[in-house]
Number of protein chains: 2
Amino acid sequence: MTTQLDTLKARFEEAKAENLDLDMRRGKPGPEQLDLSLAMLDLVTADDYRTATGDDPRNYGGLDGIPEMKSFFKEFLEVSSEAEVVIGGNSSLTLMHDTVARAMSHGVAGSEKPWGKLDKVKFICPSPGYDRHFAICEHFGIEMITVDIDADGPNMEQVEALVKADDSIKGIWVVPKYANPTGLTVSEEVVYRLANMTTAANDFRIFWDNAYAVHHLNEEGDALANILEACKAANQADRVFIFGSTSKITFAGSGVSAVAGSENNMEWLRGHLAFQTIGPDKLNQVRHMRFFKDFNGLKEHMKKHAAIIKPKFDAVLEVLERELGGKGLANWTNPNGGYFISLDLNEGQAKKVVALANELGVKLTGAGATFPYKNDPKDSNIRLAPTYPSIEEIKKAMEVVCLCVELAASSEA
Amino acid sequence: MTTQLDTLKARFEEAKAENLDLDMRRGKPGPEQLDLSLAMLDLVTADDYRTATGDDPRNYGGLDGIPEMKSFFKEFLEVSSEAEVVIGGNSSLTLMHDTVARAMSHGVAGSEKPWGKLDKVKFICPSPGYDRHFAICEHFGIEMITVDIDADGPNMEQVEALVKADDSIKGIWVVPKYANPTGLTVSEEVVYRLANMTTAANDFRIFWDNAYAVHHLNEEGDALANILEACKAANQADRVFIFGSTSKITFAGSGVSAVAGSENNMEWLRGHLAFQTIGPDKLNQVRHMRFFKDFNGLKEHMKKHAAIIKPKFDAVLEVLERELGGKGLANWTNPNGGYFISLDLNEGQAKKVVALANELGVKLTGAGATFPYKNDPKDSNIRLAPTYPSIEEIKKAMEVVCLCVELAASSEA
């Protein structure tokens, strides 16, 4: 008699014979998405390159960006004045890394001493989260404390208890909207509690990585409460740094990044930037502004992205539902935006499934990668990145993933 | 009887009445120089944007630059392989700042501990030098030790004695070619001695800011010995970081920067960069490579810069010679390249002259700016930057400067 396990094993061998080479790891735009911004390459020319105010962007100057780019990111990052915005180079990751680096070497505004001079510095890392945030902490010797992520964001009971008790806890990473990898958006209550919680450290900072601020998959996007407004209302205006970029909007690696926060925080940042740079690439800022025209232009542009990637997300969800629905082997998120779907298996299954899929030529993000120290305590989370492969590749890859989930579970039974 | 002082004072009042507004401070390209690179803006278009190898530069990837850009800077920075090159963003200042920052937070390759964990870190600062180098040191709490600059570079007796005796001395800044502000080029002997000197610190680094590597004013440029080769020959391959960029070649602020050094140093750097960025803007690298085609293309391009700025340097020198020649009031450099002329007054005159010129509407770089802690011990050096103003403006400004030099000297007598 053929058991279910035999059937799964037979399917596994069949799939192996196909010599697949598929990749569900990469949270990067697909070529069709990049094509959406191609016109931008023709908008700054030898004959026509000046800023909106007629200034020459080809020379030194402009430490924190050209005026129209600051106005644009003022709307994008939802702050109230250009003085609350600093434009960066091609990467918000660099802005985040450098902000942590400056905090370690000098402290932030109001620090009694550089964080690097303290015996210990800790960050709260709601997980699963973004591996590069955790890598920055590890690089600077910052101890990471994992807290859970609930449907409405970081588990605030855990967060509040931690920050109140321990003045070596200096920061928290939050991807507030369509989070990497869960796709969830932080609720208004969580925003309020983050702004109002009592922290033992008087120079505690929220690193608010709003990487997917405008990356909706559906017409009706998630609403996100305004963290800077909330912090100001709580008399904690300096508590938050807000990061964003056009990397997954125009060209990944040739976009424009920005950071926002209280005027006091931005003054602190400009004071540091003056030692590091004369200013970011202004010609690329002009290129971006001519392409978008204004923030409404960006919103229209994002609908074109959604039209391309929504069917890819749907393909993942369709296969998951068809192959694993109702079997009690996995849960997954159905995000309203962003770049990822988070797949939660039963405890102890993630590493096995990633290894099995790899054997079949389907590369998945390493199990554990979404947790501090690459350690998923339940070994259950797998991050799926559907934007780069084609729909056909996604379907094939997800069928393989589902087969591996079933096989891993059955082998154990 | 009218004295010479009366005449000078009368001329001063006349000049004042002209309400001049001239600026000799800015070491930045003039608009005609920027026009030389305008064609670059049309070389990456919606239809045609790929790298030389046909790769797509619009997406993430390429931590240390596209292959052809690395080959280009291999020649530019005169190292022997692409593995000895890392491409940066739009600013070599950022590469220098970040290298110091990394050394402070983590140490360089071979450091026993992060420099920031030591009781004291000191750098040798040959002076007059580049104010932004000194500012980086001050920002990171690095103590600066001033040494003299002779006609062939840093005074090596002073340097050798210092680094041999003190293991807290971790670095030296050198602008080896057409230095800021002296315009002098380091001799082969000085290169040899820098590579071979005994340093008490085993992780000592030369910060070799070759900002004016190709910025000749005359057909026959200064020759500069190869520092990395010299360090390798001295069995000190890791001793040097070499920095360069196209900022004063194409567009200032929208150029491409690079750092070079031993493979070991570049591996160290790549290891750090991976936490800070996914990689520099590749589209701008493609733009640059299409414009230059190869390193010979760059050399031809630099002749066009020379044709524009040589007459500006000549204008400064002509007025200095005409107004101050043989009077014993000043010496000045006659550089073979670079962006500056260095004016040395008699002791105690620089601040007075800068203030007087300012009164007449001619802005000069602050006296002392070219020394650590903005402190010129002799108060004699003034940096003149002739590239940005027009020739007419330069002549007028320099006549004012010379008048102020004479007046300052006479008022004292």
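On a predicted model such as this, the values are computed, not experimentally measured, just so you know.

**Student:** Account for the sheet that holds strand β8 (residues 240-245) of chain B, naming residues and giving values.
**Tutor:** All names here are of chain B. One open sheet accounts for 8 strands, arranged β2-β9-β8-β7-β6-β3-β4-β5; its pairing is mixed. Edge positions in the sheet fall to β2 (85-87) and β5 (153-154), since each has one partner strand and no second. Sheet analysis places β2 next to strand β9 (residues 257-260), joined by 3 bridges and oriented antiparallel. Across the sheet, residue Val86 finds its bridge partner in β9, namely Val259.

**Student:** With reference to specific residues and values, describe the packing of helix α3 (residues 67-76) of chain B against helix α10 (residues 282-292) of chain B.
**Tutor:** Residue and element names in this part refer to chain B. Between α3 and α10, the shortest axis-to-axis distance is 9 Å and the interhelical angle comes to 55 degrees. The angle between the axes of α3 and α10 places the two elements in the oblique class. Between α3 and α10 the crossing geometry is left-handed. Along the contact surface, α3 presents Glu68, Met69 and Phe72, while α10 presents Gln285, His288, Met289 and Phe292. Looking at the contact of α3 with α10 residue by residue, the classes come out as 4 nonpolar, 2 polar and 1 charged.

**Student:** Break down empty space enclosed by the protein for me, citing the residues and quoting the values.
**Tutor:** Evaluation of the coordinates by the stated rule reveals 10 cavities of 30 Å³ or more. Considering only enclosed or pocket space, the largest cavity measures out at about 720 Å³ in volume. As for the largest cavity, its lining consists of 44 residues, and the residues nearest its centre are A:Gly89, A:Asn90, B:Gly89, B:Asn90 and B:Thr94. Among the secondary structure elements, those contributing two or more residues to the lining of the largest cavity are α4 (92-106), α9 (263-276) and α10 (282-292) of chain A together with β2, α4 (92-106), α9 (263-276) and α10 of chain B. With 5 residues, α4(B) is the single largest residue contributor to the lining of the largest cavity. Taken together, the residues of the lining of the largest cavity break down into 14 nonpolar, 24 polar and 6 charged.

**Student:** Any details on the sheet that holds strand β13 (residues 381-384) of chain A? Residues and values, ideally.
**Tutor:** All names here are of chain A. The antiparallel open sheet is built from 3 strands, whose spatial order is β10-β11-β13. Edge positions in the open sheet fall to β10 (330-332) and β13, since each of these has one partner strand only. Mean inter-strand twist for the sheet, computed between neighbouring axes without regard to direction, equals 20 degrees. With 3 bridges joining them, β10 and strand β11 (residues 341-345) adopt antiparallel strand pairing. Considered in β11, the bridge of Asn331 is made with Asp344.

**Student:** If you had to explain the interface of chain A and chain B to someone new, which residues and values would you point to?
**Tutor:** Each side of the interface is counted separately: chain A has 55 residues, and chain B has 55 residues. Both faces combined, the contact of chain A with chain B buries some 4400 Å², and carbon together with sulfur accounts for 51% of it. Contact with chain B buries surface across chain A, with A:Arg58, A:Tyr60 and A:Phe275 losing the most and accounting together for 18% of the total. On the surface where chain A and chain B come into contact, there are 2 salt bridges. The partner of A:Arg58 in a salt bridge is B:Asp35, with the nearest N and O atoms 2.8 Å apart. Scanning the region where chain A abuts chain B turns up 28 residue pairs in polar contact (both at pLDDT 80 or more). Residue assignment for the side of chain A that touches chain B shows that the elements contributing at least two residues are α2 (31-35), α4, α5 (131-139), α9 and α10 of chain A. Broken down by element, the residue count for the side of chain A that touches chain B peaks at 7 residues, all from α4(A). Residues belonging to the side of chain A that touches chain B are distributed by class as follows: 23 nonpolar, 19 polar and 13 charged.

What counts, and where the lines are drawn
- Counting restarts for each chain: residues are numbered from 1 in the order of the written sequence.
- To label them, take the chains in the order written and letter them from A, then take the ligands in the order written and number them from 1.
- pLDDT decides what is reported in this predicted model: residues at 70 or higher carry local features, side-chain atom pairs at 80 or more are listed and counted, and totals for whole chains, interfaces and linings draw on all residues regardless.
- Side-chain metrics in this entry use all non-hydrogen atoms of the structure; hydrogen atoms and water are not considered.
- At least two bridges found by DSSP between two strands is the condition for calling them paired.
- The secondary structure listing takes helices from DSSP runs of H or I that are at least 4 residues long and strands from runs of E that are at least 2 residues long, numbered from the N terminus.
- Axis lines are fitted to C-alpha atoms, over the contacting stretch for helices. Their N-to-C directions set the angle, which ranges from 0 to 180 degrees.
- Throughout, the term roughly parallel applies to angles under 35 degrees, roughly antiparallel to angles over 145, roughly perpendicular to angles from 65 to 115, and oblique to all others.
- For a crossing to be left-handed, the near helix must be turned anticlockwise from the far one by less than a right angle; the clockwise case is right-handed.
- Contacts between residues were defined by any pair of non-hydrogen atoms, one from each residue, lying within 4.5 Å.
- Side-chain classes are defined by residue name, with Ala, Val, Leu, Ile, Met, Phe, Trp, Tyr, Cys and Pro counting as nonpolar, Asp, Glu, Lys and Arg as charged, and the others, Gly among them, as polar.
- In this analysis, the protein atoms alone were mapped onto a 1 Å grid. Cavities are point sets where a 1.4 Å probe fits without being able to get out; pockets are open sets with protein on both sides within 12 Å along at least five of seven lines; lining residues have an atom within 4 Å of a point.
- Grid points are joined across faces, edges and corners, and a volume is the space filled by probe spheres set on the points.
- Put simply, buried area is the surface a 1.4 Å probe can reach on two separate parts but cannot reach once they are joined, added for both.
- Definition used for salt bridges: Asp or Glu carboxyl oxygen within 4 Å of a side-chain nitrogen of Lys or Arg.
- Between N or O atoms, a polar contact is any pair within 3.5 Å; within protein, one atom must be a potential hydrogen donor and the other a potential acceptor, and residues adjacent in sequence are included only when both atoms are from side chains.

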